[in-house]
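# What the coordinates show
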Amino acid sequence: MKSKVQQFVRKNIQALAPYSSARDEYSGKEGIFLDANENPFGVYNRYPDPYQPALKEKLAQIKNTSADQIFIGNGSDEAIDLAFRIFCEPGQDKALTFVPTYGMYEVSANINDVELIKLPLNEEFQIDRNLLQPFFSDKNLKLIFICSPNNPTGNLLRTGDIEFILKNFNGIVLIDEAYIDFCDQPSFIKKISEYPNLIVIQTLSKAWGLAGIRLGIGYMNEEILSYFNRVKAPYNISTVNQQTALDILNKEQDYRQKVKDILAEKEQLIQNLTCVKGILTIYPSDANFLLVEVENADELYEKLIARKIIIRNRNSVIKNCVRISVGTSGENEQLLNALKEFSND
Ligand SMILES: *Cc1c(COP(=O)(O)O)cnc(C)c1O
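Read on for a plain summary of the structure. (Residues numbered from 1 in each chain as written. Predicted model: local features only at pLDDT ≥ 70, side-chain atom pairs only at ≥ 80, totals over all residues. Heavy atoms only, no water.)

## Thoughts on the pattern of salt bridges
In this structure the tally under the stated criterion is 18 salt bridges. Between arginine 23 and aspartate 35 there is a salt bridge, with its nearest N and O atoms 2.6 Å apart. Here aspartate 35 lies in the loop between helix H2 (22-25) and helix H3 (53-63) and arginine 23 lies in helix H2, a separation of 12 residues in the sequence. Given the relative accessible area of 14%, arginine 23 is considered buried. The partly exposed category is assigned to aspartate 35, whose relative accessible area is 37%. Ionic contacts of the salt-bridge type, sharing partners, join the residues Glu124, Arg129, Arg158 and Asp161 into one network. (Salt bridge = Lys/Arg side-chain N within 4 Å of Asp/Glu carboxyl O. Helix = DSSP H or I, 4+ residues; strand = E, 2+ residues; numbered from the N terminus. Buried < 20%, exposed > 50% of the residue type's maximum accessible area, 1.4 Å probe, protein only.)

## Here we look at the sheet that holds strand E9 (residues 289-294)
Strand order in this open sheet of four strands is E8-E9-E11-E10, and the pairing throughout is antiparallel. Only two strands of the sheet have a single partner each, and these edge strands are strand E8 (279-282) and strand E10 (312-313). Bridge count for E9 against strand E11 (residues 321-325) is five bridges, and the pairing is antiparallel. The partner of leucine 291 across the bridge, within E11, is arginine 323. (Pairing = 2+ DSSP bridges.)

## Description of the pairing of E8
In terms of strand pairing, E8 meets E9 through three bridges, oriented antiparallel. Bridged to isoleucine 282 within E9 is valine 292. What sits between the antiparallel neighbours E8 and E9 is a turn of six residues.

## What about the sheet that holds strand E7 (residues 216-220)?
Taking strand neighbours across the sheet as the criterion, the seven strands line up as E1-E7-E6-E5-E4-E2-E3 in an open arrangement whose pairing is mixed. The open sheet terminates on both sides in strands that have one partner only, identified here as strand E1 (70-73) and strand E3 (115-120). Pairs of neighbouring strands in the sheet enclose a mean axial angle of 20 degrees, with direction left out of account. In terms of strand pairing, strand E6 (residues 198-203) meets E7 through five bridges, oriented antiparallel. (Axes fitted to C-alpha atoms, helices over the stretch in contact; angles between N-to-C directions.)

## Description of the packing of helix H4 (residues 76-87) against helix H5 (residues 104-111)
In the contact formed by H4 and H5, the axes pass within 9 Å of each other and the chain directions differ by 45 degrees. Here H5 runs oblique to H4, going by the angle between their axes. Classified by chirality, the crossing of H5 by H4 is right-handed. Here Asp77, Ile80, Asp81 and Phe84 of H4 come into contact with H5, specifically with Met104, Tyr105, Ser108 and Ala109. The residue inventory of the contact of H4 with H5, partitioned by class, reads five nonpolar, one polar and two charged. (Parallel < 35°, antiparallel > 145°, perpendicular 65-115°, else oblique. Left-handed = near helix turned anticlockwise from the far one by under 90°. Contact = heavy atoms within 4.5 Å. Nonpolar A, V, L, I, M, F, W, Y, C, P; charged D, E, K, R; others polar.)

Below, the structure written as structure tokens:
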């Protein structure tokens, strides 16, 4: 009898004999290590631990979950790619997401030769259940991506709609919570025991300020995790990155203060933008960025570039919208000064 999760896993992955690294075969810490063809000299001469136990313990403590339900990836993009590789048969299976959203789902789908169904969010950038419902009966639909808070719209998707999907979709649901630490909404991590088909991904790239080290986290039940561990590259997180991440995670107070500062700056930025002529809409944001509708996004983007102020032009996905990350107060002020000047031209 196949478990609920196993039935969604590609046949070749179910049968996969994973690479057995030297550190899989002997995981003790003490000894004379002559088994991995490492150089006996140096500081970083040893391969890293393939399963990052110390880092997972720390994350489990911060997120109030179990280290046995954590995957660590080379950015959350690795977790997204692994989900395709584990659950979607190339050229046959499908995935689904709600647009506009994070572009990596589509890139990763294309790389893996998986069709991505893109359902439009409604005017409030929320899920339209009526559009979605017919797809639940598609046997080849294996994976649904939900980004909440959503990038680039900035808003949380409704918990009720997400639970509706978790309850009714017979496949894997991946919730991308890259921005969850900027809002008060509880994470879906606590629902993992309730829904065996749920994967929650988070990242140290945004609220933790560690985009440079590439560290993403997947929270999932032990069975899904066993597939992630089999398919990932054996030593996917370097020793340096594991240590750097742990150092930052041990300074939780600093992190909380930074998030608070960014959110205060965001409120300030919203207030100031409201007074600028030519800013048509500032969409509600549950993240560290604002989606803003302007009169002419392409033009504004170019004018700001000329001042070496770089925002994200989203005109191609939402008409005349730009996405602005919240910077330091000095950076935000320079942006505002430029915008005010343009509106006086
Ligand atoms: C920034 C972002 C990520 C982060 O990806 P990493 O690979 O962990 O840096 C993931 N999802 C969304 C929606 C993002 O905006």
